[in-house]
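Here is how the chains run, residue by residue.
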Amino acid sequence: MFGVTGDLSRKKLLPAIYDLANRGLLPPGFGLVGFARRDWRAEHFAEVVQQAVRENARTPFRDDVWQQLLEGIRFVPGDLDSDEAFENLAATLRELDEAQGTGGNHAFYLSVPPKAFDITLDQLSRHGLAGKTPEGPDGAWSRVVIEKPFGHDLASAQELQRKVSAAFDPQSVFRIDHYLGKETVQNMLAFRFANQLFEPIWNRSYIDHVQITMAEDIGIGGRAGYYDGIGAARDVIQNHLLQLLALTAMEEPTSFSADQLRAEKLKVLQATRPAADLARGTARGQYQAAWAGGELVKGYLEEDGIPSDSRTETYAAIRVDIDNRRWAGVPFYLRTAKRMPRRVTEVALILKPAPHLPFTNSDVTGLGSNALVMRIQPDEGVMLRLGAKVPATQMEIRDVTMDFAYGTSFAESSPEAYERLILDVLLGDPPLFPQHEEVEAAWRILDPVLDYWQSLAEPPEGYPAGSWGTRSGREMLARDGRSWRRP
Ligand code: BG6
C-alpha cells in the first residue's frame, strides 16, 4: 500500500483489512506491506496499523485476529523516486511470498495524490512488479488499485489511462469509486431488477424528474491540499453521483457480469449531457462562516491552507438530460455540498402528479407528487411517498411515507464499502470497479460545466455553513417549476 500514512488509509483502508480478517475473509497467507516516506521499522508501522484499526474498525478488536494479521505486516521506507526503496520493496515481497505462501500474488494500492501516480507506476514497471498480463507464467497475478480522482478533466484522464495501461493489463486495473461498494448502492440493482413493481413506471411517462443528492455536514477538514482546486464537482459528481445516475437510469443488463454491467452504464452515460444553457442549468457556491450544528464554523476561505481568493466550489448543482427513449425530457438534478445541515445521500424519483383529482370540497393542499426515494445513507432504505386520507376528516388528503429500513429488516449490519472492494480486488472480481470508458464518459459530461465555471468573472456564490446551499441552486430548479427535496 502506497500512501499508507494518509487519511484514507488510516480511516478506511487499514480498518477494512482488519474487518475482512475478522470476518474470516482473508486467506491466512495475506500480507500487508506499507510503503511511505517515514523512518519507521516494521514494528512501528504495525503500531500505526493497530491504532487505525482500534479507532476506526467496524468490528470489535480481537487479539487472535490481530496476531495473525501481524505476521504478514512489513514496512518499506523510502521515496517514490528511490530505486533503492523499490528494490527493497521487491525483496520484501519475495520474502513475504516465501514466509506467508502468497503464491506471488500482489495487489498494489495507490492511495497517493494524483501527481504521484506516474512515478509510482513507472517504478513498479521498472522493478518488475507491474503486470502486463492478467497472470504471469507462474500463474501469479499483479494488480493495481487506483483511487480517484482519475484525472482532473478528460484530457488528463486519458493521459493517466495511457500511463496505467503501459504498466498493467486492463484486467489488472481496479479503479475505486467507493460508492459502488456501498451495500445500498448495490441494492439499487436488486430494487430495480428483482421487482416487477417499479419497471412500468421507471420512464418518462411517469417520472417527472430525478434528484440525486449527496449532502455532507462536514467541511473540508484537514484536506485543503487535496480539495482546493478540485472542488465539489470533480470530487464527487464526476464519480459517485454520475455512477448513481448510471445505476438509476441504465437498462437492465443481461447479467451482472462486469462486462454487461459496464456496457449498460456506459451506454447511459454516453447519452447524458449537461444543460445547453449552463448559466441556467448549473449552480456553484462556497460555504461561509456561520453557526452550524451548535458551533461557529469557519468559511471555506478561512480554512487552513485555503488561499483567500480561492474559487473552488464546495457546492455544486447541475442539471443533466439523457437522450434516449426512456428518459427524454426527464431532467436529472445532481447536487452535492460540504457544510449542509446533515449528511445524507439519496436518489429520489419524483413522479408526475395524478392527471386528475376527483375530490371536490376537499383539502388537497398537503398532497404533493408521489416520490420513490432510495436512501443510500444514513438510515439506509427505500421510501415511497403517497397521498392518504387524514382520518376522521371529511376528505383531506396529505402526503405520507412508506418506509423500508435496512436496519429493521435485516439483523446483520452492512460491511463498509472498502471491505467489499478490497476483497473484490483480491478475488479479481471486477463488476464494482468503473472502467476507463465510464470515467471518460463522465468527464465528457462535466468538462463543459467546469470550463463554463472557469470562464466566469465572479466568484462562487456564498452560502451559510449549515444551510441547504445557494440561492442560484434553488433558482435553477424554480425556473423549471420544481424545488429541491429536504432529505
Ligand atoms: C470522497 C470525497 O470520495 O467521499 C470526500 O473525496 C467525501 O470529499 C467522501 O467526504 C464521502 O464519502 P461517504 O462514504 O462518507 O459518503
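Scroll up a little and you will see the structure.
An account of the accompanying structure is given in this report.

The rules behind these values
Residues numbered from 1 in each chain as written. Predicted model: local features only at pLDDT ≥ 70, side-chain atom pairs only at ≥ 80, totals over all residues. Heavy atoms only, no water. Core = buried A, V, L, I, M, F, W, Y, C linked by side-chain atoms within 4.5 Å. Buried < 20%, exposed > 50% of the residue type's maximum accessible area, 1.4 Å probe, protein only. Helix = DSSP H or I, 4+ residues; strand = E, 2+ residues; numbered from the N terminus. Contact = heavy atoms within 4.5 Å. Near = heavy atom within 4 Å. Polar contact = N/O pair within 3.5 Å; in protein donor to acceptor, adjacent residues only side chain to side chain. Areas by Shrake-Rupley, 256 points an atom, 1.4 Å probe, with all protein chains shown as cover. Nonpolar A, V, L, I, M, F, W, Y, C, P; charged D, E, K, R; others polar. Phe/Tyr/Trp six-rings, centres within 6.5 Å; stacked < 30°, edge-to-face > 60°. Lys NZ or Arg CZ within 6 Å of the ring centre and 35° of its normal. Axes fitted to C-alpha atoms, helices over the stretch in contact; angles between N-to-C directions. Parallel < 35°, antiparallel > 145°, perpendicular 65-115°, else oblique. Salt bridge = Lys/Arg side-chain N within 4 Å of Asp/Glu carboxyl O. Arc of directions from axis to C-beta.

### Digging into the nonpolar core
Argument step 1. Counting 139 residues, the largest nonpolar core has Phe332 and Leu334 as the members making the most contacts within it.
Argument step 2. Tallying contributions element by element places helix 9 (residues 231–249) first for this core, with 11 residues.
Argument step 3. Apart from the residues lying within four places of it in its own chain, the contact partners of phenylalanine 332 are Val210, Leu245, Thr248, Ala249, Ile318, Arg319, Val320, Ile322 and Trp327.
Argument step 4. Of all hydrophobic cores here, the second largest spans five residues; its members include Ala348, Ile350, Ala371 and Val373.

### Some details on the site of the ligand
Argument step 1. Close contacts around the ligand come from 14 residues, with Lys148, Tyr179, Lys182, Glu216 and Asp235 the closest.
Argument step 2. Note that an oxygen atom of the ligand is positioned 2.7 Å from one of the side-chain N or O atoms of histidine 240.
Argument step 3. Here an oxygen atom of the ligand and a side-chain polar atom of arginine 343 are 3.0 Å apart.
Argument step 4. Look at the ligand: alone it shows 400 Å² of surface, and the protein chains cover 84% of it.
Argument step 5. A per-element tally of the shell around the ligand places helix 9 first, with three residues.
Argument step 6. Residue composition of the shell around the ligand, grouped by class: four nonpolar, three polar and seven charged.

### Some words on the packing of aromatic side chains
Any pair of aromatic rings gets described here by the distance separating the centres and the angle formed by the planes.
Argument step 1. Under the criterion given, the structure shown has 20 aromatic pairs.
Argument step 2. Seen from their ring centres, phenylalanine 404 and phenylalanine 410 are 6.4 Å apart, and the 90 degrees between their planes marks the pair as edge-to-face.
Argument step 3. Taken together, the aromatic side chains of Phe2, Phe35, Phe86 and Phe108 make up a single cluster linked through ring pairs.
Argument step 4. A cation over a ring is seen here: arginine 339 above tyrosine 287, with NZ or CZ 5.9 Å from the ring centre.

### What about the packing of helix 7 (residues 183–193) against helix 9?
Argument step 1. Remark: helix 7 packs on helix 9, axes separated minimally by 9 Å, with the N-to-C direction vectors making an angle of 10 degrees. As judged from the angle between their axes, helix 7 and helix 9 are roughly parallel. Two secondary-structure elements touch here, helix 7 through Val185, Met188, Leu189 and Arg192 and helix 9 through Leu244, Leu247, Thr248 and Ala249.
Argument step 2. Split by residue class, the contact of helix 7 with helix 9 holds six nonpolar, one polar and one charged.

### Notes on the pattern of salt bridges
Argument step 1. For the structure shown, the criterion picks out 32 salt bridges.
Argument step 2. Lysine 338 is the salt-bridge partner of glutamate 216, the closest N and O atoms lying 2.8 Å from each other. Separated by 122 residues along the polypeptide, glutamate 216 in the loop between strand 6 (207–215) and helix 8 (224–227) and lysine 338 in the loop between strand 12 (332–337) and strand 13 (344–351) bring together distant segments of the chain.
Argument step 3. The salt bridge partner of aspartate 321 is arginine 319, with a shortest N-O separation of 2.9 Å.
Argument step 4. For aspartate 321, a relative accessible area of 7% gives the class buried.
Argument step 5. Within this structure, Asp118, Glu159, Arg162 and Lys163 form a network of salt bridges that share partners.

### Structural notes on helix 5 (residues 117–126)
Argument step 1. All buried positions along helix 5 are accounted for by Phe117, Thr120, Leu121, Gln123 and Leu124. Around the axis of helix 5, the buried residues are gathered within 165 degrees of arc, so they sit on the same side.
Argument step 2. Buried residues belonging to helix 5 abut helix 4 (83–100), strand 3 (106–110), strand 4 (142–147) and helix 6 (154–167).

### Regarding helix 3 (residues 63–71)
Argument step 1. Along helix 3, the positions that sit buried rather than exposed are Val65, Trp66 and Leu69. All buried residues of helix 3 project into a common sector of 95 degrees when viewed along the axis, lining one side.

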